[in-house]
Amino acid sequence: MIQEILEYNEKFVAEKGYEQYRTSKYPDKKMAILSCMDTRLTQLLPAALGIKNGDVKIIKNAGGVISHPFGSVVRSLLVAIFELGVQEIMVIGHTDCGVQHINADMMIKCMKERGVTDEQIDMMHYCGVDFETWLSGFDDVESSVHETVELLENHPLIPDDIIIYGCVMDSVTGKLTHIK
Ligand SMILES: [Zn+2]
């Protein structure tokens, strides 16, 4: 698969396929979006929001969540706000998210089947990581979006004038439902 992509890339560059995507690093719409890495949203999300290359900063992970208040998602948002002029943040969860109902015990079982040892898993606990909670998914996407927006609204490093909006996108139609 990677080989195929590398070959495509050479052709893309040679044929100047990039011309239509040229833009600057500063978001034209002064907005950041936190969403899920779900493959259904790859093109659907920007299409359904009418955004194009250069418009917004998009941060994605499994579930579109903030697993640590001083982790990489918040750091990215701080860079977006203070370095790149972002004024509004949209948190976009989506229906039928794969992170919903993730079972930490099942994932640990799969890790063991793939060669991760009990000692290595114990090590996580010794390092002070609440491994099960860290791996767990959320029960419902609406509450997850709600909590994320609340965390951002109350985050000590995010200025009060930043507008934060939480919603859930239908993974088929792209329709947004406002949550918070
Ligand atoms: Zn998802």
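All of these numbers come straight from a predicted model, not from anything done at the bench.

Some points on the overall build of the protein chain
From N to C terminus, the protein chain includes seven helices and five strands. Listing every helix and strand of the protein chain by position from the N terminus yields α-β-α-β-α-β-α-α-α-α-β-β. The C-alpha extent of the protein chain, read off along each of the three principal axes, is 50 × 45 × 35 Å. Going through the 180 residues of the protein chain one by one, you find that 33% of them count as buried. Accessible surface, the protein chain: about 11700 Å² in total, of which carbon and sulfur atoms supply 54%. Computed over 16 positive and 27 negative side-chain charges, the separation of the two mean positions in the protein chain equals 10 Å.

Re helix H2 (residues 41-49)
Each full turn of the α-helix corresponds to 3.6 residues, which orients residues three or four apart in the same direction. Among the residues of H2, those classed as buried are Leu41, Leu44 and Leu45. What you see down the axis of H2 is that its buried residues fit within an arc of 100°, all on one side. What points out from H2, more than 90 degrees from its buried face, is the exposed set Gln43 and Ala47. For H2, the secondary structure elements touched by its buried residues are strand S1 (31-36), strand S2 (56-61), strand S3 (88-94) and strand S4 (163-169).

Notes on the coordination of the zinc ion
Protein-derived ligands of the zinc ion are Cys36 (SG), His94 (NE2) and Cys97 (SG), with the metal-ligand distances lying across 2.0 to 2.2 Å. The motif formed by the donor residues of the zinc ion, counted along the single chain, is C-x57-H-x2-C. A residue pair is termed long-range when its members are at least 10 positions apart, and Cys36 in strand S1 and Cys97 in the loop between S3 and helix H4 (104-113) qualify at 61 residues. Cys97 carries the same exposure label as Cys36, and that label is buried.

Description of the pattern of salt bridges
Taken as a whole and assessed by the stated rule, the structure comprises seven salt bridges. The residue Lys109 makes a salt bridge to Glu113 at a minimum N-O spacing of 3.3 Å. Residue Lys109 and its partner Glu113 are both found in helix H4; the two are separated by four residues, about one turn of the helix. As a salt-bridge pair, Lys112 and Asp118 come within 3.1 Å of each other at their nearest N and O atoms. Among the residues examined, Lys112 registers a relative accessible area of 41% and is labelled partly exposed.

A closer look at the pairing of S3
Counted residue by residue, S3 has six buried out of seven residues, so it is predominantly covered. Sheet topology note: the S1/S3 ladder contains five bridges and is parallel. Residue pairing across strands places Met31 opposite Glu88, the latter belonging to S3. Here seven bridges tie S3 to S4, and the two strands are oriented parallel to one another. Bridge pairing in S4 places Ile92 opposite Cys167.

Overview of the pairing of S2
Looking at chain direction, S1 and S2 are connected through six bridges and run parallel. Within S2, the residue paired with Ala32 across the bridge is Lys57. Once you follow S1 into H2 and on to S2, the crossover reads as right-handed.

Things to note about the packing of aromatic side chains
Evaluation of the coordinates by the stated rule reveals three aromatic pairs. Pairing Tyr8 with Phe12 gives two aromatic rings, centres 6.4 Å apart and planes at 25°, and the pair type is stacked. With Tyr8 and Phe12 both in helix H1 (residues 2-14) and four residues apart, this pair spans about one turn of that helix. Following the ring pairs from residue to residue traces out a cluster consisting of Tyr8, Phe12 and Tyr21.

Conventions adopted
- Residues numbered from 1 in each chain as written.
- Predicted model: local features only at pLDDT ≥ 70, side-chain atom pairs only at ≥ 80, totals over all residues.
- Heavy atoms only, no water.
- Helix = DSSP H or I, 4+ residues; strand = E, 2+ residues; numbered from the N terminus.
- Buried < 20%, exposed > 50% of the residue type's maximum accessible area, 1.4 Å probe, protein only.
- Areas by Shrake-Rupley, 256 points an atom, 1.4 Å probe, with all protein chains shown as cover.
- Lys, Arg positive; Asp, Glu negative; His and termini not counted.
- Charge placed at Lys NZ, Arg CZ, Asp CG, Glu CD.
- Arc of directions from axis to C-beta.
- Contact = heavy atoms within 4.5 Å.
- Donors = N, O, S within 2.8 Å, 3.2 Å for Na, K, Ca; no water.
- Salt bridge = Lys/Arg side-chain N within 4 Å of Asp/Glu carboxyl O.
- Pairing = 2+ DSSP bridges.
- Right-handed = clockwise from strand over helix to strand, strands pointing away.
- Phe/Tyr/Trp six-rings, centres within 6.5 Å; stacked < 30°, edge-to-face > 60°.

All quantities given are derived from atomic positions and should not be read as evidence of function.
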